[in-house]
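Observations on the model geometry
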Amino acid sequence: MKLNFILFFLLSTSFLTAQVVIDFEDFNLPVESFLNGADGNGGFTTGDIFLPNDYDPSFMSWTGWSISNTTDVTTPGFTNQYSSITGGGANGSTTYAVNYAFGNNNMILEGDAAGQIVPGMYITNNTYAYLSMQDGDSFAKRFGGLTGDDPDFFLLTVRAYSGGNLSTDSVNFYLADYRFDDNNLDYIVDEWTYLDLSSLGPADSLSFSLTSSDVGSAGMNTPAYFCVDDVFATNPATSTRLLMVTDLMDIYPNPTTDFIRISRSTAEEMDFTIYDAFGRLVHQQKVNLPNVRVDLQHLPSGNYSVRLQSERIFSTKLVVKR
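Along every chain, residues carry numbers that run from 1 in the direction the sequence is written. Local features in a predicted model are, by the rule used here, given only for residues with pLDDT of at least 70; side-chain atom pairs are given and counted only at 80 or more, and totals for whole chains, interfaces and linings are based on all residues. The basis for the side-chain values is all heavy atoms of the structure; hydrogens and waters are excluded.

Secondary structure elements are taken from DSSP: a helix is a run of H or I of four residues or more, a strand is a run of E of two residues or more, and numbering for both begins at the N terminus. Each helix and strand counted, the protein has two helices and 24 strands in total. For this analysis, residues touch if any pair of their heavy atoms sits within 4.5 Å. If you take every contact in the protein between residues at least 6 apart in sequence, the share linking residues at least 24 apart comes to 69%. When the accessible area of the protein is evaluated, it comes to approximately 15,100 Å², of which 52% is carbon and sulfur surface. For every accessible area listed, the method is Shrake-Rupley and the probe measures 1.4 Å; residues are considered covered only by the protein chains on display.

The subject of this paragraph is the side chain of N105. Turning to its location among the elements, N105 is positioned in strand 6 (residues 105–109). On the basis of relative accessible area, N105 is assigned to the buried category, the value being 9%. Contacts described as polar in this section are N or O atom pairs within 3.5 Å, which, within protein, must combine one atom able to donate a hydrogen with one able to accept it, while residues neighboring in sequence count only if both atoms come from side chains. A distance of 3.4 Å separates a polar atom in the side chain of N105 from the backbone nitrogen of G64. In this structure N105 touches G64, N99, Y100, L206, S207 and F208, once residues within four positions along its chain are discounted. Exposed residues in this analysis have more than 50% of their type's maximum accessible area, buried residues have under 20%, and partly exposed residues fall in between, with area computed by a 1.4 Å probe over protein chains only.

What follows is about a nonpolar patch on the surface. A grouping of F180, L185 and Y187 is seen on the molecular surface, where their side chains present a nonpolar patch of about 250 Å² in accessible area. By secondary structure assignment, the location of Y187 is in strand 12 (residues 187–188). Exposure above 30% relative accessible area and no salt bridge define the residues that can form patches, which grow by joining like charges within 9 Å and nonpolar side chains of Val, Leu, Ile, Met, Phe, Trp and Tyr within 5 Å. Only one rule defines a salt bridge in this text: a Lys or Arg side-chain nitrogen within 4 Å of an Asp or Glu carboxyl oxygen.

The subject of this paragraph is helix 2 (residues 127–135). Within helix 2, seven of the nine residues are buried, which leaves it mostly tucked inside the rest of the structure. As for helix 2, its buried residues are in contact with strand 9 (153–162), strand 11 (171–177), strand 12 and strand 18 (225–229). N-cap assignment for helix 2: the residue whose side-chain oxygen lies 2.9 Å from the backbone N of Y128 is N126. Just downstream of helix 2, G136 is the residue with a positive phi angle, here 80°.

What follows concerns the side chain of S66. Along the polypeptide, S66 turns up in strand 4 (residues 61–68). Setting aside residues up to four positions removed in sequence, S66 forms contacts with L35, N36, F44, Y82, Y96, A97 and V98.

What follows is about the pairing of strand 6. Burial along strand 6 is one-sided: N105, M107 and L109 are buried, and none of N106 and I108, which face the opposite way, are. A pair of strands counts as paired when DSSP detects no fewer than two bridges linking them. Note: strand 3 (residues 49–56) against strand 6, two bridges, orientation antiparallel. Across the sheet, I49 pairs through a bridge with L109, a residue of strand 6. Relative to strand 15 (residues 205–212), strand 6 runs antiparallel, the two being bridged by four bridges. In the sheet register, N105 faces strand 15, and the bridge partner there is F208.

Given below as structure tokens:
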């Protein structure tokens, strides 16, 4: 157990400094084409991720993930299920992943990525879903209704699996939101938007699910699609890479029985997080340095990885709670 924790600790300190952004261009698709799992391989591997796919040859239908570079942003309906509403991938690329989500759909992290923190990725709407929400169709309503006042929404929720456990924490992203009192603020996402996932902590896989305000007797009426690109991308609003600083913080007492003090030479507000030996996030808060006291009485005895992070630097250390 101690060896496993040390391994987790060492892996966590790298925090994506070695991860390559996955842009799906390595599939080398012919123009205006897609992969939907008809080859029967059960999914797609690129870099350090695996995207599961369930293809039914009887109906030539699929769920899970597909890979696409189609560009149709105007044709409504099911026949245009592989296009992103942007007409291409994120940040000038052509290829992207499309998810058709029934229940939870996973993105499995493999190789060096397994057990790491995923900083984020880019998300946008699928053309079929976008036009359905904008105009309505034979299955789904027009968002906002006839008056525009209906408080409709289309919500993507991302959670993390770590050590076989699904996190209670989640990151929510509204692909469409019509719940504003001022209808001028209502929107359907029509561009690639960065989704920060770092708060989910270390993960073995990510779980994606969709919910909508438009629900019928058979479930959600809104087409259950969204698009993903540039997995492992860092937040463009911050530095492209975090720099690890080994002497960023001093922690004492260590081992401890009830609390720790964190100190550093300069004053700054920073994010402080604690992960247990299985990589699960068990505590997080903002701390105001140079000196702060953190209560650990709510945590059981064991080994923990504690992390102090600002926009550009971070440090991770081992703390033993007796």
